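Architecture at a glance
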Amino acid sequence: MTLSLVLVVAAALFSVGLWGALSQQVVVMVMMGIELMINAVVLAGGAFWWFTSPTPDGQVLLLVVIAAMTVEMAMGFAVALLLHRRRGTDMTDMAAELNR
Amino acid sequence: MLEAIVFWISAVVAVAAGVTVFRTDSMARATYALAASFVAVGLMLLTFALDYLGVIVILMMVMEMAIMALFMIMLMGMNPALMPMSMVHGKRSAAVIAGLVFVGLAAAALLVPWPGAVEAPVADTTRSLGEAVMGSKMLVMLTVSPVLFATIVGALVLGHPRNRYQRYGADLAADHPDDPIDGGVGR
């Protein structure tokens, strides 16, 4: 197990998340893709921490990334709810314009 | 040796479950697959001696996936376990972009000469994290706190069915808000 191989796994997770975020139409599914991408960042950050500088400070950065993941979910759900309430849809294609 | 075995099994599960999220025809199964992927990443973090963060990722994401399943049922208006769905656009271009990104990232991961460890790992990572959060890195957490609070306020404002224009009129000139039920004492 080396840093390079862990980063390859993180790259695979990130790419799968990107594929989902780009191809899915439902807002919640797009959020799932973004979650997978942030998950890959957490994994890569953990690997960097362990293989290069396993000091306490690096873990704090990972806590911040996990907090960012939480913020993304909360705001994503709020936007999905607003979209559903205003336009009766949960599809990204129906929300292409911001001014309505 | 055991850690390496756990890591590689978790790695395969994480990526396979991630692909399953977007390949399955049921939103409920997609949610379960995403939860499995998160649990696998949490296990991988545990193999890096990130005990606290690994457990946090597992617990937080399992709860988050449960909430996500609730939202799907609410928004889709159907039983997501029974209703097949396939709502995608730009399938081929998305796959090409994701493939190119993977090739680029994997090439960078394998070709860059990464530096080795410069310091020995601390004995108790959870304790050291707690000391960092409450000591030298307290400012970081103090900054995260208002961000989370702003998120709560923002999510409530977006999610609330009636905004200030509906309550006070388009020019916000009404003396009293037009609420279905008046607030305050004596209503």
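Parameters and conventions
Residues numbered from 1 in each chain as written. Chains lettered and ligands numbered in written order. Predicted model: local features only at pLDDT ≥ 70, side-chain atom pairs only at ≥ 80, totals over all residues. Helix = DSSP H or I, 4+ residues; strand = E, 2+ residues; numbered from the N terminus. Rg over C-alpha atoms; globule rule 2.2 N^0.38 Å. Buried ≥ 20, exposed ≤ 12 C-beta atoms within 10 Å, placed from the backbone. Expected span 1.5 Å × (residues − 1). Arc of directions from axis to C-beta. pLDDT = per-residue confidence, 0-100. Contact = placed C-beta atoms within 7 Å. Core = buried A, V, L, I, M, F, W, Y, C linked by C-beta atoms within 7 Å.

1. Here we look at the overall build of chain A
The number of helices and strands found in chain A is 3 helices and 0 strands. In sequence order, the secondary structure elements of chain A are arranged as α-α-α. For 100 residues, the compact-globule estimate of 2.2 N^0.38 gives 13 Å, and the C-alpha radius of gyration of chain A, at 17 Å, exceeds that figure by more than 25%. Reported as C-alpha extents along the three principal axes, the dimensions of chain A are approximately 50 × 25 × 15 Å. Put simply, chain A has 100 residues, and 53% of those count as buried.

2. Some remarks on helix H4 (residues 91–111) of chain B
Residue and element names in this part refer to chain B. Helix length check: H4, at 21 residues, gives a terminal C-alpha distance of 30 Å against a target of 30 Å (1.5 Å per residue), a fit within 8%. Of all the positions in H4, only Ala-94, Ala-98 and Ala-109 are classed as buried. Around the axis of H4, the buried residues are gathered within 30° of arc, so they sit on the same side. Across H4 from its buried face, at more than 90 degrees, point the exposed residues Arg-92, Ser-93, Leu-100, Val-103, Gly-104, Ala-107 and Leu-111.

3. Some details on helix H3 (residues 56–87) of chain A
Here H3 of chain A is 32 residues long and its end C-alpha atoms lie 47 Å apart, about the 46 Å a rise of 1.5 Å per residue gives. Following H3 of chain A by one or two positions, Gly-88 of chain A adopts a phi angle in the positive range, close to 65°.

4. Observations regarding the confidence of the model for chain B
On average, residues of chain B score 84 in pLDDT, and 89% of them reach the 70 mark or higher. ipTM for the predicted complex: 0.88, alongside a pTM of 0.85.

5. Quick look at the interface of chain A and chain B
Contact residues are listed per partner, giving 59 residues for chain A and 67 residues for chain B. When residues of the side of chain A that touches chain B are traced back to their parent elements, those giving at least two are helix H1 (3–23), helix H2 (27–52) and H3 of chain A. Among the elements that take part in the side of chain A that touches chain B, H3 of chain A stands out by supplying 20 residues, more than any other.

6. Overview of the confidence of the model for chain A
With 97% of its residues at a pLDDT of 70 or more, chain A shows a mean pLDDT of 86. At the low end of the mean pLDDT range in chain A sits H3 of chain A, at 86; at the high end sits H1 of chain A, at 92.

7. So, the nonpolar core
Counting 71 residues, the largest nonpolar core has Ala-10, Leu-13, Val-28, Leu-43 and Ala-47 of chain A together with Val-41 of chain B as the members making the most contacts within it. Among the elements of the structure, H1, H2 and H3 of chain A together with helix H1 (2–23), helix H2 (27–47), helix H3 (51–76) and H4 of chain B are those that each provide at least two residues to this core. Looking at this core, the element that brings in the most residues is H2 of chain A, giving 16 residues. With residues near it in sequence (within four places) discarded, Ala-10 of chain A still touches Ala-40, Leu-43, Ala-44 and Ala-47 of chain A.

8. So, unusual backbone geometry
Residue and element names in this part refer to chain B. Phi at Ala-49 is positive, roughly 65°, even though this residue is not glycine. Structurally, Ala-49 can be placed in the loop between H2 and H3. Within the chain, Leu-172 stands out as a residue other than glycine whose phi angle is a positive 55°. Mapped onto the fold, Leu-172 is located in the segment after helix H7 (164–168).

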